[in-house]
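Each chain is listed here by its residues.
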Amino acid sequence: MSQHYQKNTQYVITAISFSVEGLMFKFHLHINDEFEALLHTLLLYAIAGCVISCFIEMYYRDSLLATLARPCFVLLQGTWFYQIAFVMYSPIPGVTSLWKHDSHNDMMLQTVFFTWHAGFIFIFMLLTGCFSKCCTKMTTCGSYDDLAMQSLLGHGHGSHNGHKILRMDASDFESDTEITK
């Protein structure tokens with residue numbers, strides 16, 4: 001029972017830390033400027049995605065999609081931090097801001113930028129997931145588990161009274177001993 005809690009501790013602590021960060025930004029929203037409030041609210045959505053994805057990853061450990069959800073939201077949070085920095089504090093010397101904080105069009109444009117951030121990160125993580133899935137399939141082909149399964153299914157070394165006998169020698173386990181060293 002305690003081992004179950006030890007496995008989940010990392011996920012719970014990570015979710016708590018993202019929740020604390022979200023609370024800090026929530027109470028940071030006492031800004032009178034609607035433009036800055038919008039930027040910080042969109043950041044809160046990314047933080048909420050981090051919290052939710054931690055719990056999803058905790059319950060679905062073997063799912064590649066669940067494993068890639070948290071890095072997706074962390075990347076979204078990080079790139080959106082950069083976007084906020086560039087919008088609020090222009091990196092161009094002598095230029096205070098390229099955005100009008102009282103313009104509704106500029107606020108909607110920032111919302112579009114947020115969706116672009118999310119979309120590009122989603123595509124990047126989708127490609128990363130496909131790449132890792134292909135690499136995983138390539139490395140597990142021909143492993144000793146496959147040999148054992150073939151032996152059990154009828155491609156084994158011999159039979160005794162109609163029953164398959166699984167005989168494996170030391171060469172069948174060489175890949176296992178290399179991993180454990």
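Please refer to the structure higher up on the page.
What counts, and where the lines are drawn
- Residues numbered from 1 in each chain as written.
- Predicted model: local features only at pLDDT ≥ 70, side-chain atom pairs only at ≥ 80, totals over all residues.
- Heavy atoms only, no water.
- Helix = DSSP H or I, 4+ residues; strand = E, 2+ residues; numbered from the N terminus.
- Buried < 20%, exposed > 50% of the residue type's maximum accessible area, 1.4 Å probe, protein only.
- Contact = heavy atoms within 4.5 Å.
- Areas by Shrake-Rupley, 256 points an atom, 1.4 Å probe, with all protein chains shown as cover.
- Lys, Arg positive; Asp, Glu negative; His and termini not counted.
- Salt bridge = Lys/Arg side-chain N within 4 Å of Asp/Glu carboxyl O.
- Phe/Tyr/Trp six-rings, centres within 6.5 Å; stacked < 30°, edge-to-face > 60°.
- Axes fitted to C-alpha atoms, helices over the stretch in contact; angles between N-to-C directions.
- Parallel < 35°, antiparallel > 145°, perpendicular 65-115°, else oblique.
- Left-handed = near helix turned anticlockwise from the far one by under 90°.
- Nonpolar A, V, L, I, M, F, W, Y, C, P; charged D, E, K, R; others polar.
- Patch = residues over 30% accessible without salt bridge, like charges linked within 9 Å, V, L, I, M, F, W, Y side chains within 5 Å.
- Core = buried A, V, L, I, M, F, W, Y, C linked by side-chain atoms within 4.5 Å.

(A) How the structure looks around the overall build of the chain. The helix and strand tally for the chain stands at 6 helices and 2 strands. Secondary structure elements in the chain, listed N-terminal to C-terminal, are α-α-α-α-α-β-β-α. With 181 residues in all, the chain has 30% of them scored as buried. Across the chain, contacts joining residues at least 24 apart in sequence account for 66% of those joining residues at least 6 apart. For the chain, the exposed area adds up to about 12700 Å²; of that, 66% sits on carbon and sulfur atoms.

(B) Fine view of the environment of Lys7. Mapped onto the elements, Lys7 comes out in helix α1 (residues 2-27). Its relative accessible area of 49% is what places Lys7 among the partly exposed residues. Considering only alpha carbons, one finds Lys7 and Met58, 51 residues apart in sequence, at a separation of 8.6 Å.

(C) Molecular detail of the side chain of Glu21. With respect to the element layout, Glu21 can be found in helix α1. Nearest to the buried, unbridged Glu21 among oppositely charged side chains is Arg70, at 11 Å.

(D) Quick look at the packing of aromatic side chains. Per the stated rule, a full pass over the model turns up 3 aromatic pairs. On the numbers, 5.1 Å between centres and 85 degrees between planes, the contact of Trp80 with Phe114 is edge-to-face. Taken as a pair, Trp80 in helix α3 (residues 64-88) and Phe114 in helix α4 (residues 104-140) lie far apart in primary sequence, 34 residues in all. Arranged with centres 5.4 Å apart and planes meeting at 50 degrees, the rings of Phe113 and Trp116 form a pair that is tilted. Taken together, the residues Phe113 and Trp116, both in helix α4 and 3 residues apart, mark about one turn of the helix. Take Phe113: its relative accessible area is 17%, and that puts it in the buried class.

(E) A look at the environment of Leu98. Looking at where Leu98 falls in the secondary structure, it is placed in the loop between α3 and α4. Overall, Leu98 belongs to the exposed group, its relative accessible area being 59%. The sequence separation of Leu98 and Met88 amounts to 10 residues, and the corresponding C-alpha distance is 8.7 Å.

(F) Examining the packing of helix α2 (residues 34-59) against α3 more closely. Between α2 and α3, the least distance of the axes is 8 Å, while the angle of their chain directions is 165 degrees. Judged on the interaxial angle alone, α3 and α2 are roughly antiparallel. Two packed elements cross with a definite hand, and for α2 against α3 that hand is left-handed. Residue composition of the contact of α2 with α3, grouped by class: 19 nonpolar, 5 polar and 3 charged.

(G) Local environment of the side chain of Gln110. Mapped onto the elements, Gln110 comes out in helix α4. Of the residues examined, Gln110 reaches a relative accessible area of 0% and is grouped as buried. Ignoring sequence-local partners within four residues, the contact set of Gln110 consists of Phe35, Leu38, Leu39, Leu42, Trp80, Gln83, Val87 and Trp99.

(H) Here's a closer look at a nonpolar patch on the surface. Together, Val12, Ile16, Val20, Met24, Ile52, Phe55, Ile56, Tyr59 and Tyr60 make up a nonpolar patch on the protein surface, roughly 930 Å² of accessible area in all. The set of elements that each furnish at least two residues to the nonpolar patch consists of α1 and α2. The topology assignment puts Ile16 in helix α1.

(I) Quick peek at the nonpolar core. Among the nonpolar cores identified, the biggest contains 24 residues, and Phe35, Leu39, Leu43, Trp80 and Ile84 are the most heavily contacted of them. Mapped by element, the contributors of at least two residues to this core are α2, α3 and α4. Broken down by element, the residue count for this core peaks at 9 residues, all from α2. Ignoring sequence-local partners within four residues, the contact set of Ile84 consists of Leu39, Leu43 and Tyr89. Core analysis: the second largest hydrophobic core is formed by 5 residues, Ala15, Cys50, Val51 and Cys54 among them.

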